[in-house]
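Close look at the chain arrangement
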Amino acid sequence: MKTLANSRPLLWLLLALPGIGISWRWIVTPDLYGYGHAIADSGDWAAWLLLATLAVTPIRLAFRKQKWAVWLMRRRRDIGVASFGYAAFHTGIYLWKKASLSAVLAEMGDAYLLTGWLAFALFVPLAATSNDIATRALKRSWKTLHRLVYPAAVLVFLHWVLSAFDPTTAWIHVGILVAIEGVRIVLQYRQRVT
C-alpha cells in the first residue's frame, strides 16, 4: 500500500481520468455533450486543481508533521502541472471551436478572454519550470518565478466570473481562493513571529 500511495504513474492516471471522461463524452455523444460542456468542464478541472495546488501550502503549515501533508507537499508540482494541463485542454477546445487566428484575435480584447489569455501566459513558464532540472538551474529565483501563481490564480477566477452565464459558482470559488490565501498568509505570519 505504501508504494501504491507513492506511485506517480497512478497519481497521473487519477489526475488524467476527468480529461479522459471529458474527451470520451464529447466523442461518443457530441450532440448531448458538446463544446459548451467540454470547455466548461475542462475549465472547472483546471480551477479545482489550481485551488488544490494553492491549498497545499496552508495544509503543510497547519499539519507539518502529518504524513499525508508531507505526501501532498511532495505531489504539489504534479497537481499544479495537471491544472495547467486542463487549462491547456480548455484553451485547445476554444481554439478548435474558433478554427482561425483572425477569429481568436478579434475576440482577444474582450475582458473575459483577455483575463484567460493572461492567466495562461503566466502559467506557461510555471509549468515549463515545474521539474527538478529547472528547480536546480534556477535556484532561489525558482521560488520567485513561481510566485506568479498568485496573480495567475486571480486572473483565472476573474476569467471564470466574467465568462459564466451565472457567475454564482464562480464567486463561490473566488471565496474559496480568498479563504485559502487568507489562511496561508496568517499561518506564514505566525511562523515568522514565533
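Described below are features of the structure shown in this document.

Cut-off values and rules
Residues numbered from 1 in each chain as written. Predicted model: local features only at pLDDT ≥ 70, side-chain atom pairs only at ≥ 80, totals over all residues. Heavy atoms only, no water. Helix = DSSP H or I, 4+ residues; strand = E, 2+ residues; numbered from the N terminus. Buried < 20%, exposed > 50% of the residue type's maximum accessible area, 1.4 Å probe, protein only. Contact = heavy atoms within 4.5 Å. Lys, Arg positive; Asp, Glu negative; His and termini not counted. Charge placed at Lys NZ, Arg CZ, Asp CG, Glu CD. Axes fitted to C-alpha atoms, helices over the stretch in contact; angles between N-to-C directions. Parallel < 35°, antiparallel > 145°, perpendicular 65-115°, else oblique. Left-handed = near helix turned anticlockwise from the far one by under 90°. Patch = residues over 30% accessible without salt bridge, like charges linked within 9 Å, V, L, I, M, F, W, Y side chains within 5 Å. Areas by Shrake-Rupley, 256 points an atom, 1.4 Å probe, with all protein chains shown as cover. Salt bridge = Lys/Arg side-chain N within 4 Å of Asp/Glu carboxyl O. Polar contact = N/O pair within 3.5 Å; in protein donor to acceptor, adjacent residues only side chain to side chain. Expected span 1.5 Å × (residues − 1). Phe/Tyr/Trp six-rings, centres within 6.5 Å; stacked < 30°, edge-to-face > 60°. Lys NZ or Arg CZ within 6 Å of the ring centre and 35° of its normal.

**Things to note about the overall build of the chain**
What the chain contains, in helices and strands, is 11 helices and zero strands. Ordered by position from N to C terminus, the α and β elements of the chain give α-α-α-α-α-α-α-α-α-α-α. Projected onto its principal axes, the C-alpha positions of the chain cover 55 × 40 × 35 Å. Taking all 194 residues of the chain together, the buried fraction comes to 36%. Summarising the internal contacts of the chain: among those between residues at least 6 apart in sequence, 67% fall at separations of at least 24. With 21 positive and 9 negative side-chain charges, the chain shows a spacing of 21 Å between the two charge centroids.

**A few points about the packing of helix α3 (residues 35–62) against helix α11 (residues 168–193)**
Close contact between α3 and α11 brings their axes to 9 Å; oriented N to C, the two are set at 25°. As far as their axial angle goes, α11 and α3 are roughly parallel. Every pair of crossing elements has a handedness; the one defined by α3 and α11 is left-handed. Contacts from W48, L51, L54, A55, T57, P58, L61 and A62 of α3 reach α11 at H173, I176, L177, I180, E181, V183, R184, L187, Q188 and Q191.

**Brief notes about a nonpolar patch on the surface**
Side chains of L13, L14, L17 and I20 sit close together on the surface and give an oily, nonpolar patch of about 370 Å² of accessible area. Looking at the element boundaries, L13 is found in helix α2 (residues 8–28). Residue L13 is classed as partly exposed on the basis of its relative accessible area of 45%.

**Some details on the side chain of S130**
Inspection of the secondary structure assignment puts S130 in the loop between α7 (111–128) and α8 (132–138). Here the side chain of S130 touches L126 through a polar contact of 2.6 Å, landing on its backbone oxygen.

**Considering the side chain of T57**
The residue T57 is located in helix α3 in this model. Not counting the four nearest positions on each side in its chain, T57 is found in contact with R76, R184 and Q188.

**Brief notes about unusual backbone geometry**
With a phi close to 60°, A99 is a non-glycine residue in the positive phi region. Position of A99 relative to the elements: it lies in the loop between α5 (76–98) and α6 (101–107). What makes A99 exposed here is its relative accessible area of 65%.

**Remarks on α7**
The periodicity of an α-helix, 3.6 residues per turn, causes residues three or four positions apart to be oriented the same way. Counted at 1.5 Å a residue, the expected span for α7 with its 18 residues is 26 Å, and the 26 Å between its end C-alpha atoms agrees. Of the residues making up α7, those classed as buried are L113, T115, G116, A119, F120, F123 and L126. The inward-facing, buried residues of α7 contact α3, α5, α6, α9 (140–146) and α10 (149–163).

**As for the environment of L14**
By secondary structure assignment, the location of L14 is in helix α2. Along the primary structure L14 and R74 are separated by 60 residues, whereas in three dimensions their C-alpha atoms are 16 Å apart.

**Comments concerning the packing of aromatic side chains**
For the structure on display, the rule yields seven aromatic pairs. Directly above the aromatic system of Y35 lies the positively charged group of K97, at a separation of 5.3 Å from the ring centroid. Of note, R184 hangs over the ring of Y150, and the distance from its end group to the ring centre comes to 4.3 Å.

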